[in-house]
Amino acid sequence: MGGNVGDSRAILLSAERDADGEERLSWRQLTVDHNPTLRKDEVARVKASGGRVTNTGQELRISPSHLTFLESRHKGLTINMSRAVGHDLLQHAGVVASPEFSTTTLDRSRTQLLVAGSDGIFDVLQNSEVTEIVEEQWKLYTSGQQPPPGLSMERAIAMALVDRANEAWRGSRGDNITAMCLHFPPEAPTAVATGTE
């Protein structure tokens, strides 16, 4: 079970064999970003809670309805998330810290990796691009090649994602960039002893 608040994202990558018999990673998104531009259900909830949703031409932003959008912007009281932790001043505008929960069952017969990242990752990298970056590192660590000494596969994956996102943001406003990876290797089949007396 996992909970999500805000615009960070989690995806589950699973190893499977392609038509050529090569192991590849496929992805499944586990969380849905709390971005009002993408979530009409969240826009409705915010408006019902007394918040204002303004289209800036680039995105939808939430602000208190008792102030004009420009007043809210000047006071730092706008946000492009409908759920967030630590934004107490925007609670009366419908921005809540209540998570949405989802449940996923891991397939312990194959390698799976959970990747979570901030919007600084997923605003510039599609899920498929993240999968390619993870797969590159995963294959380095599982193919018998010499990975960097003292660097776990999970850390190498997180660092590669942060590096690629930094490259993508170069020359623009940038964002907070954080990534983490958890590896769930396949469980070895348990031996069943049989015999007769």
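Now for a look at the structure at hand. Please read all numbers here as calculations on a predicted model, not as lab measurements.

### Section: the pattern of salt bridges
- Overall, the coordinates contain 12 salt bridges when judged by the stated rule.
- The partner of Arg-39 in a salt bridge is Glu-100, with the nearest N and O atoms 3.0 Å apart. Residue Arg-39 is located in the loop between β3 (23–29) and α1 (40–48), and its partner Glu-100 is located in strand β6 (residues 100–102); the two are separated by 61 residues in the primary sequence.
- Residue Glu-100 is classed as partly exposed on the basis of its relative accessible area, which comes to 28%.

### Quick notes on α1
- Of the positions making up α1, those classed as buried are Glu-42, Val-43 and Val-46. The buried residues of α1 occupy an angular sector of 105° when the element is viewed end-on, so they sit on one face. Structural note: α1 exposes Lys-40 and Ala-48 on the side pointing more than 90 degrees away from its buried face.
- Looking at the buried residues of α1, the elements they touch are β4 (51–55), β5 (60–64) and β6.
- Two residues or fewer past α1, Gly-50 is found with a positive phi of approximately 95°.

Calculation notes
Residues numbered from 1 in each chain as written. Predicted model: local features only at pLDDT ≥ 70, side-chain atom pairs only at ≥ 80, totals over all residues. Heavy atoms only, no water. Salt bridge = Lys/Arg side-chain N within 4 Å of Asp/Glu carboxyl O. Helix = DSSP H or I, 4+ residues; strand = E, 2+ residues; numbered from the N terminus. Buried < 20%, exposed > 50% of the residue type's maximum accessible area, 1.4 Å probe, protein only. Arc of directions from axis to C-beta. Contact = heavy atoms within 4.5 Å.

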